[in-house]
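Structural features, examined
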Amino acid sequence: MITSVYLSNNTVCVVLGTGSSKRARVNRAWHLTLKEGGLINGIVTDEEKLKSQLKRFWMENGIPRKNVRLVLESSRLISRQVELPKMKKKQLRQLLPGEFTDIEQQQEILYEYVLVPGEAGKPRVKAVAAERQYVETFLRIFREMEIVLKSITVGRNVLVQMLETMKGIRGRELVFQVLDGDMMTSLLCSGGRVVYSTQKRIFAEEPKEYAGEILRSVNRLWQFQMTRQKERPITKVFLAGVSEETAAACRERSGELNGTIELSALSLEKNIRFPKCPGEVGGYLFAVGGLMAKKDGINLAKAARRRAQEKKDASRFWGMARLPLILLAGLSLIWGALVFRNQLRQQELEELQGFLQGEENVALAGQAEAMEEESRELEKKIASVEAMNESLRSYPGMNRDTEQALRDCAGEGVEFEINGYDGDRGVLELDGSAKEVSSISGFVDRMQELDILEAVDYSGYEYDFGKESYRFQVECKLAGGEAEE
């Protein structure tokens, strides 16, 4: 039997059962709402307070302490999908830090990965980076509860893996909206695969406010799907972890959704057996996903123990190498003394040679060296000027012709303002509005055909009830630059 534990915000969900990568069976389930101050958004804020509550929860419910898997969801877990050539596991792990160059103090970061299928069937690498101290905090808490964690994995990863086992999503374009307290996870499925996912914290109190956030998220994903495949729009939205009041509010406001989209509660398929009623399943999805985690998947507990063993081996190596290093240091000192003596003899020889050389020859040699040095400096300056001219010729410019070309693309249906221009990157930011959604897509399509633009980044629109218009933002990269995106 496997015990899967999910920690996020102030919630603890535990399920006991069996599972594989394609199916799971839950025998028992427990739920605990933590008191404030111990755990916030998956981050331990008071270690002793959290440990005390978990210890009492385990004892009162008789939860097993063996074969325990921990599922975490937190901003401290950074996930990225990268494309790397086929290689051995050890080589791949050595390359992972290069995909997280924006993280400081990489020597204190743990890296793990799992191979996932891409949209075209080609395998991709899903990598996760986490602070070593963050992971070791959970290992220590459970170890002091006399629980050895078999694995620590990422909630969104196991959730995606679980949803992709559902036969009902194959060949369909749909959205999953999973609510975990005030954290909403949105997943876009296309062709049986989760092609995009995002998480957002919701600051809402009433069901209508929650419904508004859910519908806005669905509209953004609909717009994203239309930019990917216009001929295959989203047709269905599954809600999980949502109260009946919020679900009813979503259905009442379903007219605000783009296109014809059906809303319904998530119902698990036969490959997942759960003893609770359907209304309670949503809150346990991440924990159930932990039962289905792959053996060769992401395991931060294993990564932490591997790092500890590497440090232990390094310490043992330096302990064994201490005597040879002392001998080497002594030999280095002797070698250094001999080198110094040789330098003294060389200096005496040079003084004798200088005495033998005539003054006129010495002067001519000095002049020749000076002229040669001056020639090298001139060559460096010429090369620098040529490089500068080449850079200026390819540097992207922002002028009236560029602005007029954008105005022509806008036509009468779109109004926009230039919000800023980043000269280092050659990126132009636009804020715009339109009465009709079709005017926005037409504006973006026409901009993409301009030769003066290398790339157009359009993130969707939002409706402004006050001005009765659709507002949007666009980033344009001018053609001809060499700045990194």
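Everything that follows concerns the structure shown earlier in this document.
These lines cover the structure that appears in this document, whether it is placed above or below. (Residues numbered from 1 in each chain as written. Predicted model: local features only at pLDDT ≥ 70, side-chain atom pairs only at ≥ 80, totals over all residues. Heavy atoms only, no water.)

1. Comments concerning the overall build of the chain
Counting its regular elements, the chain contains 13 helices and 20 strands. Counting contacts in the chain only where the partners sit at least 6 residues apart, residues at least 24 apart contribute 64% of the total. (Helix = DSSP H or I, 4+ residues; strand = E, 2+ residues; numbered from the N terminus. Contact = heavy atoms within 4.5 Å.)

2. Section: the environment of Arg-251
With respect to the helices, strands and loops of the structure, Arg-251 is situated in helix α6 (residues 244-252). In the structure, Arg-251 is positioned 12 residues away from Leu-263 in sequence and 6.7 Å away in space, judged by C-alpha atoms.

3. Regarding helix α12 (residues 400-410)
Buried within α12 we find Thr-402, Leu-406, Cys-409 and Ala-410. Here the buried residues of α12 occupy an arc of 105° about the axis, which is enough to place them on one side. Among the exposed residues of α12, those pointing more than 90 degrees away from its buried face are Arg-400, Asp-401 and Asp-408. Two residues or fewer after α12 comes Gly-411, characterised by a positive phi angle close to 70°. (Buried < 20%, exposed > 50% of the residue type's maximum accessible area, 1.4 Å probe, protein only. Arc of directions from axis to C-beta.)

4. Some words on the sheet that holds strand β20 (residues 469-478)
A sheet is described by the order of its strands in space; here 4 strands give the open sequence β17-β18-β20-β19, paired in antiparallel fashion. Sheet topology places β17 (414-422) and β19 (453-464) at the edges, where each strand pairs with a single neighbour. Here the average twist between neighbouring strands, direction ignored, is 20°. Running at roughly 170° to β19, helix α13 (residues 437-448) makes contact with β17, β18 (427-434), β19 and β20 of the sheet. (Pairing = 2+ DSSP bridges. Axes fitted to C-alpha atoms, helices over the stretch in contact; angles between N-to-C directions.)

5. Describing the nonpolar core
Counting residues in hydrophobic clusters, the biggest one holds 44 residues, and the most contacted among them are Leu-430, Phe-443, Met-447, Phe-472 and Val-474. If one sorts the elements of this core by residue count, helix α5 (residues 207-228) sits on top with 8 residues. Core analysis: the next-biggest nonpolar cluster, separate from the first, contains 40 residues, Leu-39, Phe-57, Ile-63 and Leu-300 among them. (Core = buried A, V, L, I, M, F, W, Y, C linked by side-chain atoms within 4.5 Å.)

6. Here's the deal with the environment of Lys-126
Relative to the elements of secondary structure, Lys-126 occurs in strand β9 (residues 123-131). Take Lys-126: its relative accessible area is 13%, and that puts it in the buried class. Measuring from C-alpha to C-alpha, the distance between Lys-126 and Gly-297 comes to 9.7 Å, with 171 residues separating the pair along the chain. In contact with Lys-126, other than residues within four places in its own chain, are Ser-79, Arg-80, Gln-81, Glu-112, Tyr-113, Val-114, Val-116, Asn-157 and Ile-298.

7. Details of the packing of helix α1 (residues 47-61) against helix α3 (residues 132-144)
Orientation of α1 relative to α3, taken along the N-to-C sense of each, is 45°, at an axis distance of 10 Å. If you check the angle between α1 and α3, you find them oblique. Between α1 and α3 the crossing geometry is right-handed. Residues Glu-47, Leu-50, Lys-51, Leu-54 and Trp-58 of α1 pack against Thr-137, Arg-140, Ile-141, Phe-142 and Glu-144 of α3. A breakdown of the residues in the contact of α1 with α3 according to their chemical character gives 5 nonpolar, 1 polar and 4 charged. (Parallel < 35°, antiparallel > 145°, perpendicular 65-115°, else oblique. Left-handed = near helix turned anticlockwise from the far one by under 90°. Nonpolar A, V, L, I, M, F, W, Y, C, P; charged D, E, K, R; others polar.)

8. Details of the pattern of salt bridges
Applying the stated criterion across every chain yields a total of 22 salt bridges. Between Glu-48 and Lys-51 there is a salt bridge, and its shortest N-O distance comes to 3.4 Å. One end of the pair is Glu-48 and the other is Lys-51, both in helix α1 and 3 residues apart, which spans about a single turn. Classification of Glu-48 by relative accessible area gives exposed; the value is 51%. Using a relative accessible area of 14% as the deciding quantity, one classes Lys-51 as buried. Between Glu-136 and Arg-132 there is a salt bridge, with its nearest N and O atoms 3.2 Å apart. On the criterion of helical spacing, the pair formed by Glu-136 and Arg-132 is a turn pair, its members being 4 residues apart in helix α3. Among the residues examined, Glu-136 registers a relative accessible area of 25% and is labelled partly exposed. Salt bridges sharing partners connect three or more residues here, namely Glu-48, Lys-51 and Glu-144. (Salt bridge = Lys/Arg side-chain N within 4 Å of Asp/Glu carboxyl O.)

9. Considerations on the packing of α5 against α6
It is the contact of α5 with α6, at a shortest axis distance of 8 Å, that shows an interaxial angle of 55°. As far as their axial angle goes, α6 and α5 are oblique. Taken as a pair, α5 and α6 cross one another with a handedness that is right-handed. Taking contact as the criterion, the partners of Pro-207, Lys-208, Tyr-210, Ala-211, Ile-214 and Leu-215 in α5 are, on α6, Glu-245, Thr-246, Ala-249 and Cys-250. Split by residue class, the contact of α5 with α6 holds 7 nonpolar, 1 polar and 2 charged.

10. A short note on the layout of surface pockets
Vacant regions in the atomic arrangement are exposed by a probe of water-molecule size rolled over the atoms. Estimated volume of the largest pocket: approximately 1,300 Å³. Lining the largest pocket are 48 residues, with Lys-126, Asn-157, Val-160, Gln-161 and Glu-164 sitting closest to its centre. Take the lining of the largest pocket: its biggest share by element is 6 residues, from strand β13 (residues 193-201). Its residues assigned to classes, the lining of the largest pocket shows 15 nonpolar, 17 polar and 16 charged. In this model, the second largest pocket occupies a volume close to 640 Å³. Lining the second largest pocket are 28 residues; nearest its centre among them are Lys-89, Tyr-113, Val-114, Asp-296 and Gly-297. (1 Å grid on protein atoms, 1.4 Å probe; cavity = no way out; pocket = protein on both sides within 12 Å on 5 of 7 lines; lining within 4 Å. Points joined across faces, edges and corners; volume = space filled by probe spheres on them.)

11. Regarding empty space enclosed by the protein
In this structure the tally under the stated criterion is 1 cavity of 30 Å³ or more. For the largest cavity, the calculated volume is near 30 Å³. Around the largest cavity, the lining residues are Tyr-6, Val-178, Leu-179, Asp-180, Gly-282, Gly-283 and Phe-286. No other element matches the 3 residues that strand β11 (residues 173-180) contributes to the lining of the largest cavity. Within the lining of the largest cavity, the residues separate by chemical class into 4 nonpolar, 2 polar and 1 charged.

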